[in-house]
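The lines below spell out each chain.
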Amino acid sequence: MSRASSLLRWMIPLAVVPVLALLAYGFRTDPREIPSPLVGKPASLFTLTAFDGTPVALASLRGRVVVVNFWASWCYPACYEEAPSLERAWKAYKDRGLVMVGVNYQDKDEPARRFLSQFGHSFPNAPDQGSRVSVDYGVYGVPETYFIDRKGRVRFKQVGPVSDQLLKEQIERLLAEAA
Amino acid sequence: MTPELGYAATVAALVLAVYGSGAAALSAVKGRPDLRRSSERAAVGVWLLVMTCMALLIYAFLTFDFSVRYVAANTNLGTPFYYRITAVWGALEGSIILWAFMLSIYTLIVVARYRRTQPQLYPWVLAVMLGISAFFLLVMTIPAPPFERLSPVPADGRGLNPLLEDSGMITHPVALYLGFTGFTVPFAFAMAALIIGRIGDEWITITRRWTIVAWYFLSLGLLIGGWWSYHVLGWGGYWAWDPVENAAFMPWLTGTAFLHSVMIQERRRMLKLWNLTLIILTFSLTLFGTFLTRSGIIGSVHAFSQGSVGQFFLAFLALVGLGAFSLLAWRVERLGAQGELDSIVSRESAFLLNNLFLVAAAFTVFFGTVFPLLAEAITGTKVSVGAPFFNLVNIPIFLALLFLMGVGPLIAWRRASAENLRRNFLTPVGIGVVAAAACRLLGIGNAVVLLCLGLVAFVAATIGLDFARAARARRRTGDGWLDATWGLALRQNRRYGGFVVHLGILVLAVGVAGSQAWSTQTEVTLNRGEATEVAGYTIRFEGLAGVEESNHAKVVGTFAVSDKHGPYTVLTPAKKFYPQEQTPIAAVDYRLGVLEDLYLVLGEFARDGSHATIKVQVNRMVSWLWMGGFVLTLGAALAILPEPRRKPAVARAGQPATA
C-alpha cells in the first residue's frame, strides 16, 4: 500500500467528525425557543378576582413593573420548583414598586389554595376562569412568566421555571428604566 | 430503602461491566482463560444486578413510592395496575434500564453460545458488549438516575403521559429496544473480527441470524409504533416523518441493506469493507436515535427529556464512530475483494443497487432530520423540514427498491443470460403491466399509485413463479402439494422466509399507496338526533355522556352508523380530561375494515349534549399495513428458524432458481 493511500484511509474515521461537530452545535440551540410575538407589544389588560376576593386589574398598574406568572397545582415539578423563588423576589422587590400577579391556570379551587398555603405566597393570586387571560397571553404550558415594563409592554417571556437569578436580572433591568 | 438499593445495584453493575470488559480484553491479549472466566461471571453479575434494578423500579411503581422522582413523575394513585408496570419504560430513565437489561440478556446468550465454539473472537465480543453495557450503566448512574430521590415526598404523582396509556406503548418500546440492542451482537462480532484481524466471512456467518432477529424486532417496533400513532393520536395517519420516527427508521434502512449485502459476501467474497461499514453505521444509528430523542436538540412532537444525557450519548457516539472506523482504517488492506463484478446484469449488481438505494434513503432521512440544525448553524434561521420533503425524495427511491425486490432474487449470479431474463421475467413483467392497465381502467388516475401497483404485481408474480417452479420440482420427487410447499419453506427457510418478508412488504406498499391516495375526511357539527352522510355511511349523533375513570374524566359521544346494508356499528369517540394535562386528549373510535376504516374523532361539544362536532375519516387500505406487517414478521420468524443441517446452507440459499 502506498503512503498516499495509507494516509487516505484515515479519512474514513475523520469523516465522522463534521457530523459530530454539527450535533454538538445542537446543544447550543433550543428548538422550542421560539420568540414570542408578544415581546415588545403592549401586554393585554385583564381584571381578575384573587383567591382572597380582592380584585386584580392590570390597567391600574401602568407605570409599575409587573411580573405575571402562570401556574397550576398539577404542574409538577416545575411550578413547585419555581414557587419559592417567586415569593423571594416578591419580598425583595415589593418595596421598590414591583407588582407580582400569579394566574392560576386550569386548576381546581381546593388544590390551588393548598399550593398557595404550602408556599406561603403573599402576592396576589387569582384563578383564570375560562382561561381567558391565558389565551390572551398565548400560554402554551405552565409555568410561564411574563415581565411587563412601566409602559405596559411585555419585555420578556420565560417558558419553564424561573430562577432567583433570572428574576433578579429581569426585574432589576425593568426597575432601572424610567417611566 | 428502594432508591438506595437500586442505586447501589446500578453502581455495582457499572463496576462489574467495566471490570468484565477489561478482563475479557486482557484475557484475549494475554491468553489467560482465568480472566475470561472471570469476565463471564461479571457478565452474569451485570445481568442479575440490572434485573434487580428493573424489579426494584417495578416494585417502586407498584407501591406508589413517590420518594423516587421517576415514579412520582410517571404515575399517580389513579394509574391502573398494568400501566404502573409499563410506566417503567414510559420515560427516559426507565428506558435506559430496559435497554441495559436487554443488552445483558443478549450478552448472556452470547456467552452461552460462543464460549466454546469461538475461542478467538469470543473474548473480544464479550469485551465490546460489556463495554457498551458499561456506557448505559454510566448513563443510569450520572445523567439519568432512575432511582433519584425526591424530597419532599409528594402525596400524589404527576401521572403517566396519557398518550402512553395504550397497549401499543406497552409493547412498542420493548420491540424497538430488542431491535436496537440486537444490532449490538453483529457489531461486537465485527469489532472482534477487526481487532484480531480475521476479517473473513466468519463474523458474518455467525451473526447472520442475530441480524435477522434484530431486524425482526426493529420492524415489529416500527409497525407497532405506526399502529399506536394511528389509533391513539387521532390524526388518522401512521407515519409523520417526525425526528423520533426517523431515528428508528434509519437503522432499519441500513440494517436492511446489511441483511442483503452479507449475502453477496457469503456468495462472492465481495463487499467486505462495505459490510463492516454498514454494521458500524447501523449500530451508530441506533445510538444516534436515542441521542436525537433524548438530547432535545431537534424539535419533535414527542416528549423530550433534557439534561446532560445528550452530551453523554454524543460522547459515546463519538467514541463508537471514531473507534470503529479507525479499526476499519487500520485493517483496510485486508479488506480487498476476492471476487469481482462480472456484469451489470447480474444478481450482484441488483443487490448493490438495492444497497445504494437503501443507504441513499437513510441518508436523505438523516439529512432531512438534521437539516434544521444545519440551517441554523449556517444561516441562523429556524426552519423545519416536513413530510413533503421526505415524500418527494423517498417515493422514487422506494419504487426503485420495489422493482429491485422483484429482480434480485431471480436474476442469475455473475452474468444473466438473455435466456435467464426471459424465463424469469417475461411473465412477471407482463403481469405487472396488465395489472397497472387494469387499475387504470378501474379509474385509478394517480400515476405514482399505478406505478406502485404495477410493481407490486410484478414482484408478486416473480415470487409466485419461483415458488411454483420449486414446488413442482419437489412434487416430481413424489411429495404432495402441501408437503412440497411446506418442505420447501422449511428446508430453504432463509430463502423463503425472505420471500414471505417481501410479500409482506408488497402488502404494506399497497396499504401505503392506497391510504395516501384514497382516504377522505370531513368535519361536521351535528345536533342530537341529527345524521350526516359521509362516503356511503350515515352517522347519527345519539348523545353525550360523562364518565369518571380512575385517573381521568371523559366525555363520550355515541354515534350510530349505518351503511347501505342497514345498521353497521355504533362508535363512541371520547375526549379525556386528565388533571395533569392542559388540553383534553381525544380518544378515537374506529371500525377497521379490509378496504376501509371508519374513524371518528370527537371535537368541540356543547356541555348539555345538544350538539357536537366530529371529524369523520374514511381511511382506505390502512388495514393492509397491519396485514402486511403480520406477513412480514411471519417471514422473518421463518428465516430465523435454524437451518437444516444436511447441506451447507450457503450454497443452497444462494442458488439461482434457474439452476
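What counts and how
- Residues numbered from 1 in each chain as written.
- Chains lettered and ligands numbered in written order.
- Predicted model: local features only at pLDDT ≥ 70, side-chain atom pairs only at ≥ 80, totals over all residues.
- Heavy atoms only, no water.
- Helix = DSSP H or I, 4+ residues; strand = E, 2+ residues; numbered from the N terminus.
- Rg over C-alpha atoms; globule rule 2.2 N^0.38 Å.
- Buried < 20%, exposed > 50% of the residue type's maximum accessible area, 1.4 Å probe, protein only.
- Contact = heavy atoms within 4.5 Å.
- Areas by Shrake-Rupley, 256 points an atom, 1.4 Å probe, with all protein chains shown as cover.
- Lys, Arg positive; Asp, Glu negative; His and termini not counted.
- Charge placed at Lys NZ, Arg CZ, Asp CG, Glu CD.
- Buried area = accessible area lost by both parts, 1.4 Å probe.
- Salt bridge = Lys/Arg side-chain N within 4 Å of Asp/Glu carboxyl O.
- Polar contact = N/O pair within 3.5 Å; in protein donor to acceptor, adjacent residues only side chain to side chain.
- Nonpolar A, V, L, I, M, F, W, Y, C, P; charged D, E, K, R; others polar.
- Axes fitted to C-alpha atoms, helices over the stretch in contact; angles between N-to-C directions.
- Parallel < 35°, antiparallel > 145°, perpendicular 65-115°, else oblique.
- Left-handed = near helix turned anticlockwise from the far one by under 90°.
- Domains from an automatic or database assignment.
- Disulfide = S-S within 2.5 Å.
- Pairing = 2+ DSSP bridges.

Undergrad: Would you take a moment to explain the overall build of chain A for this structure?
TA: Check the secondary structure of chain A and you find 7 helices and 7 strands. Scanning chain A from its N terminus toward the C terminus, one meets helices and strands in the order α-α-α-β-β-β-α-β-α-β-α-β-β-α. On C-alpha atoms alone, chain A measures out to a radius of gyration of 23 Å, which is more than a quarter above the 16 Å that the 2.2 N^0.38 rule sets for 179 residues. Projected onto its principal axes, the C-alpha coordinates of chain A cover approximately 85 × 40 × 30 Å. Within the span of chain A, comprising 179 residues, buried residues form 46% of the whole. Restricting the contact set of chain A to residue pairs at least 6 apart, pairs at least 24 apart contribute 70%. By element, 58% of the accessible surface of chain A is carried by carbon and sulfur atoms, the whole surface being about 9300 Å². Within chain A, the 18 negative side-chain charges are centred at a point lying 7 Å from the centre of the 22 positive side-chain charges.

Undergrad: Mind showing me how you'd approach the interface of chain B and chain A here?
TA: Interface extent is often summarised as the accessible area lost during association of the parts. Counting from both sides, the interface comprises 38 residues of chain B and, opposite them, 29 residues of chain A. Summing the contributions of chain B and of chain A, the shared interface buries around 2800 Å²; its carbon and sulfur component is 70%. Taken together, the connections running from chain B to chain A amount to 1 salt bridge. Between B:Glu333 and A:Arg9 there is a salt bridge, with its nearest N and O atoms 2.5 Å apart. Scanning the region where chain B abuts chain A turns up 4 residue pairs in polar contact (both at pLDDT 80 or more). When contributions to the side of chain B that touches chain A are tallied by element, the ones reaching two or more residues are helix H3 (69-74), helix H11 (272-295), helix H12 (309-330) and helix H13 (347-379) of chain B. If you tally residues by element for the side of chain B that touches chain A, the top one is H12(B), at 12 residues. When its residues are assigned to classes, the side of chain B that touches chain A shows 23 nonpolar, 10 polar and 5 charged.

Undergrad: What am I meant to see in the packing of helix H1 (residues 2-30) of chain B against helix H2 (residues 33-62) of chain B here?
TA: Helix packing geometry: the angle between the two helix axes and the distance between the axes. Residues and elements named next belong to chain B. One way to put it is that H1 packs onto H2 with a least axis distance of 8 Å and a crossing angle of 160°. The pairing of H1 with H2 is recorded here as roughly antiparallel in orientation. Seen from above, H1 lies across H2 with left-handed handedness. Its residues assigned to classes, the contact of H1 with H2 shows 19 nonpolar, 8 polar and 1 charged.

Undergrad: How should I be thinking about the environment of B:Ser21 in this particular structure?
TA: Residues and elements named next belong to chain B. Structurally, the position occupied by Ser21 is in helix H1. On the accessibility criterion, Ser21 (15% relative accessible area) is buried. On a C-alpha basis, the gap between Ser21 and Glu542 in space is 65 Å, while along the polypeptide they are 521 residues apart. Residues contacting Ser21, with those up to four places away along its chain left out, are Ala127, Leu130 and Gly131.

Undergrad: Got a minute to help me understand the domain arrangement of chain B in this structure?
TA: All names here are of chain B. The domains assigned to chain B are domain 1 (1-165), domain 2 (167-342), domain 3 (418-517 + 625-639) and domain 4 (520-621). Using C-alpha coordinates to define each centre, domain 2 is positioned 27 Å away from domain 3. Listed per partner, the contact involves 14 residues of domain 2 and 16 residues of domain 3. Together, the buried faces of domain 2 and domain 3 total about 1200 Å²; carbon and sulfur atoms form 75% of this surface. At the junction of domain 2 and domain 3, the tally comes to 1 salt bridge. Between Glu266 and Arg494 there is a salt bridge; the shortest N-O distance is 3.3 Å. On the surface where domain 2 and domain 3 come into contact, there are 3 residue pairs in polar contact (both at pLDDT 80 or more).

Undergrad: What exactly am I supposed to notice about the state of the cysteines here?
TA: Each disulfide consists of one covalent bond between the sulfur atoms belonging to two cysteines. One pass over the structure, following the stated rule, counts 1 disulfide over all chains. Note on cysteine connectivity: A:Cys75 is disulfide-linked to A:Cys79, with sulfurs 2.2 Å apart. Negative torsions about the S-S bond denote left-handed disulfides, and the value of about 95° found for A:Cys75 with A:Cys79 makes this one right-handed. Between B:Cys439, a cysteine without a disulfide, and B:Cys452, which holds the nearest cysteine sulfur, the sulfur-to-sulfur distance is 9.9 Å. Judged by its relative accessible area of 16%, B:Cys439 is buried. Given a relative accessible area of 7%, B:Cys452 falls into the buried group.

Undergrad: Sorry if this is basic, but what is going on with the sheet that holds strand S1 (residues 520-527) of chain B here?
TA: Whenever strands of a sheet pair, they do so through backbone hydrogen bonds, lying parallel or antiparallel. All names here are of chain B. Ordered in space as S1-S10-S9-S8, the 4 strands form an open sheet in which the pairing is antiparallel. Strands with a single pairing partner mark the edges of an open sheet, and in this sheet they are S1 and strand S8 (589-591). Between one strand axis and the next, the sheet turns by 20° as a mean value, whatever way the strands run.

Undergrad: What exactly am I supposed to notice about the environment of B:Gly94 here?
TA: Residue and element names in this part refer to chain B. Note that Gly94 resides in helix H5 (residues 92-114). Taking C-alpha positions, Gly94 is 9.7 Å from Cys53, a pair spaced 41 residues apart along the chain. Those residues in contact with Gly94 that lie beyond four places of it in its chain are Leu57, Tyr70, Val88 and Trp89.

Undergrad: Help me understand the pattern of salt bridges in this model?
TA: A side chain with one charge can pair with a side chain of the opposite charge if their charged atoms come near. Residues and elements named next belong to chain A. By the definition in use, this model includes 25 salt bridges over all chains. Asp164 is paired through a salt bridge with Arg88; the nearest N and O atoms lie 3.1 Å apart. Note that Asp164 is positioned in helix H7 (residues 164-176) and Arg88 in helix H4 (residues 78-93), a separation of 76 residues in sequence. With its nearest N and O atoms 2.9 Å apart, the salt bridge here joins Arg155 to Glu177.

Undergrad: Before we go on, may I ask you to explain the environment of B:Asn527 in this structure?
TA: Residues and elements named next belong to chain B. Along the chain, Asn527 turns up in strand S1. Taking relative accessible area as the criterion, Asn527 reaches 43% and is therefore assigned partly exposed. Along the sequence, Asn527 and Glu542 sit 15 residues apart, while their C-alpha atoms lie 8.9 Å from each other. Beyond its immediate chain neighbours, meaning those up to four positions away, Asn527 contacts Phe541, Ser610 and His611.

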